[in-house]
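Residues per chain are reported as follows:
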Amino acid sequence: MGQKKDLTGSEKSKIVRYLAEGCSSLKIAKLLKRDHRTIKRFIQNSQQGRKKRVEKPRCKITAHELRKVKRAAAKMPLATSLAIFQSCNITGVPKSTRCAILRDMAKVRKAERRPPLNKTHKLKRQDWAKKYLKTDFSKVLWTDEMRVSLDGPDGWARGWIGKGQRAPVRLRRQQGGGGVLVWAGIIKDELVGPFRVEDGVKLNSQSYCQFLEDTFFKQWYRKKSASFKKNMIFMQDNAPSHASKYSTAWLARKGIKEEKLMTWPPCSPDLNPIENLWSIIKCEIYKEGKQYTSLNSVWEAVVAAARNVDGEQIKTLTESMDGRLLSVLAKKGGYIGR
């Protein structure tokens, strides 16, 4: 009849019932085969009841200081309560009070992942949609780069853990683990790549063109027929290394110019179907909170995940373009769901 730490819910119910019947704590301990001290401790704690919370008086600030805080919160989005109050030269206010004051005028939010579209952006997105509304998108090669890290997009993961199970240990890296830059393209139902950018290489105009020469042109494009090359439209976003005069002239020498090089509206990742492919790959390589110990291992995972993406999935993405264009026009150039 050894002493145990906790009483079960069933045992607690029985104790209450036995007490109501007039049983002593000693008799209850014998009936439940528990240590007498455990029963007495439970009875004493139950009789004490829950302690009432003592409301402490809130540290007050003047109406003038309150206006200063409101202006500072508007000028310093995503700042901490301490930073906001310090910018107003208000000291000695505890965190609980600062947060209580700010809750009346602000909300805790995360930064928006997509930049806001201004009027010019929206007009250019509408013009782009009108220009390509009658395009045969099965002839368009959609390209983009993606960076994958060792620990996932956010560096952390959470999910359900069964009762009695321990959460898996996450690796913590003091200096981070770096990442791998991946380039790929999709056209109709075909995946081009993925190709890995050499570690440590920063993609400027020259290195980007050299990368395309060594991978896309030599390993894929040169194998295509003349009729395919004549009809293919090459899409890339407006990254500086893509849209520079050097890169544009280099692609023109390769025969990708004028109507064969798609113009691209600003701030429009939602219009590029390959972004959805990146989501599919990342969900696969980081499922169940998986982490990687080397850049080669995460690259191998990307290749394996890309290999498992079948032609029907890619075709679904490329055939979604007509709907995306109509959505852009319906939303007058605003962001659309991907």
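Definitions and limits used
Residues numbered from 1 in each chain as written. Predicted model: local features only at pLDDT ≥ 70, side-chain atom pairs only at ≥ 80, totals over all residues. Heavy atoms only, no water. Helix = DSSP H or I, 4+ residues; strand = E, 2+ residues; numbered from the N terminus. Buried < 20%, exposed > 50% of the residue type's maximum accessible area, 1.4 Å probe, protein only. Contact = heavy atoms within 4.5 Å. Areas by Shrake-Rupley, 256 points an atom, 1.4 Å probe, with all protein chains shown as cover. Salt bridge = Lys/Arg side-chain N within 4 Å of Asp/Glu carboxyl O. Pairing = 2+ DSSP bridges. Axes fitted to C-alpha atoms, helices over the stretch in contact; angles between N-to-C directions. Polar contact = N/O pair within 3.5 Å; in protein donor to acceptor, adjacent residues only side chain to side chain. Phe/Tyr/Trp six-rings, centres within 6.5 Å; stacked < 30°, edge-to-face > 60°. Lys NZ or Arg CZ within 6 Å of the ring centre and 35° of its normal. Parallel < 35°, antiparallel > 145°, perpendicular 65-115°, else oblique. Left-handed = near helix turned anticlockwise from the far one by under 90°. Nonpolar A, V, L, I, M, F, W, Y, C, P; charged D, E, K, R; others polar.

Engineer: A description of the overall build of the chain should follow, citing residues and the corresponding values.
Structural biologist: Helix and strand counts for the chain come out as 15 helices and 4 strands. Put simply, the chain has 338 residues, and 37% of those count as buried. Taking all contacts inside the chain whose residues are at least 6 apart in sequence as the whole, residues at least 24 apart take part in 74%. On the chain, roughly 22400 Å² of surface is accessible, and the fraction owed to carbon and sulfur atoms is 51%.

Engineer: A description of the pattern of salt bridges should follow, citing residues and the corresponding values.
Structural biologist: Oppositely charged side chains may form a pair once their charged atoms are brought near each other. Here the structure, examined in full by the defined rule, presents 9 salt bridges. The shortest N-O distance in the salt bridge between Arg-34 and Glu-11 comes to 2.6 Å. Placement of the pair is Arg-34 in the loop between α2 (25–32) and α3 (36–48) and Glu-11 in helix α1 (residues 9–20), with a sequence separation of 23 residues. Each of the two residues, Arg-34 as well as Glu-11, counts as buried. Note that Lys-254 and Glu-213 form a salt bridge whose closest N and O atoms lie 2.5 Å from each other. Of this pair, Lys-254 sits in the loop between α11 (245–253) and α12 (274–285) while Glu-213 sits in helix α8 (residues 205–219); the two residues are 41 residues apart in sequence, bridging distant segments of the chain. On the basis of relative accessible area, Lys-254 is assigned to the partly exposed category, the value being 30%. For Glu-213, a relative accessible area of 19% translates into the label buried.

Engineer: Before we move on, could you go through unusual backbone geometry and cite the residues and values that matter?
Structural biologist: Glycine aside, negative phi is the norm for most residues, and most peptide bonds take the trans geometry. Residues Gly-193 and Pro-194 are joined by a peptide bond in cis, for which omega reads 5°. Looking at where Pro-194 falls in the secondary structure, it is placed in strand β3 (residues 190–196). The backbone of Asn-89 shows a phi angle near 60°, a positive value even though the residue is not glycine. The residue Asn-89 is located in the loop between α5 (81–87) and α6 (95–103) in this model. The backbone phi angle of Lys-188 is positive, close to 55°, even though this residue is not glycine. Here Lys-188 shows up in the loop between β2 (179–187) and β3. For Lys-188, a relative accessible area of 46% gives the class partly exposed.

Engineer: Hey, could you go over the sheet that holds β2 for me, with residue numbers and the actual values?
Structural biologist: Taken together, the 4 strands give an open sheet; going across it, the order is β3-β2-β1-β4, and neighbouring strands pair in mixed fashion. A single partner strand is all that each edge strand has here, and the edge strands are β3 and β4 (233–235). The mean inter-strand angle of the sheet, taken between neighbouring strand axes irrespective of direction, is 20°. Across 3 bridges, the pairing between strand β1 (residues 140–149) and β4 is parallel. Residue pairing for β4: Val-140 is matched across the bridge by Ile-233. Against the sheet, helix α13 (residues 295–307) makes contact with β1, β2 and β3, and its axis sits at roughly 175° relative to β3, the strand it touches most. Sheet strands in contact with helix α14 (residues 311–318) are β1, β2 and β3, and its direction is about 75° off that of β2.

Engineer: Describe in detail the pairing of β1, supporting the description with residues and values.
Structural biologist: Summarising burial for β1: 8 of the 10 residues are buried, a large majority. Where β1 lies against β2, 8 bridges are found, and the strand directions are antiparallel. Among the inter-strand pairings, Met-146 is bridged to a residue of β2, identified as Val-182.

Engineer: So, the environment of Arg-324: which residues are in play, and what are the values?
Structural biologist: As for its placement among the helices and strands, Arg-324 is situated in helix α15 (residues 321–330). Each C-alpha atom, one on Arg-324 and one on Asp-270, is 8.6 Å from the other, the two residues being 54 residues apart in sequence. Of the polar contacts made by the side chain of Arg-324, one reaches the side chain of Asn-276; its length is 2.8 Å. Separated by 2.9 Å, the side chains of Arg-324 and Ser-320 make a polar contact.

Engineer: Got a sec to walk through the side chain of Thr-135? Specific residues and values, please.
Structural biologist: Here Thr-135 shows up in the loop between α7 (119–131) and β1. Exposure remark for Thr-135: the relative accessible area of 18% places this residue in the buried category.

Engineer: Please set out the packing of aromatic side chains residue by residue, giving values where relevant.
Structural biologist: Two aromatic rings, taken as a pair, are described by how far apart their centres are and by the angle between their planes. Throughout the structure, instances matching the rule amount to 15 aromatic pairs. One aromatic cluster is present, formed by Trp-183, Phe-195, Phe-211, Phe-216, Phe-217, Trp-220, Tyr-221, Phe-228, Phe-234 and Trp-250 through successive ring pairs. Stacked on the ring of Tyr-18, the Lys or Arg Arg-17 has its end atom at 5.5 Å from the ring centre. The aromatic ring of Phe-228 is capped on one face by Lys-224, whose charged end is 5.4 Å from the ring centroid.

Engineer: Summarise α6; cite the residues concerned and give the values.
Structural biologist: Along α6, the residues classified as buried are Thr-97, Arg-98, Ala-100, Ile-101 and Leu-102. Looking at the buried positions of α6, the neighbouring elements they touch are α4 (63–75) and α5.

Engineer: Would you mind going over the packing of α8 against α11 in detail, with residue names and values included?
Structural biologist: Between α8 and α11, whose axes approach to 8 Å, the crossing angle comes to 30°. With respect to their mutual orientation, α8 and α11 come out roughly parallel. Of the two elements, α8 crosses α11, and the hand of that crossing is right-handed. On α11, the residues that touch Ser-205, Gln-206, Tyr-208, Cys-209, Leu-212, Glu-213 and Phe-217 of α8 are Tyr-246, Ser-247, Trp-250 and Leu-251. Looking at the contact of α8 with α11 residue by residue, the class counts come to 7 nonpolar, 3 polar and 1 charged.

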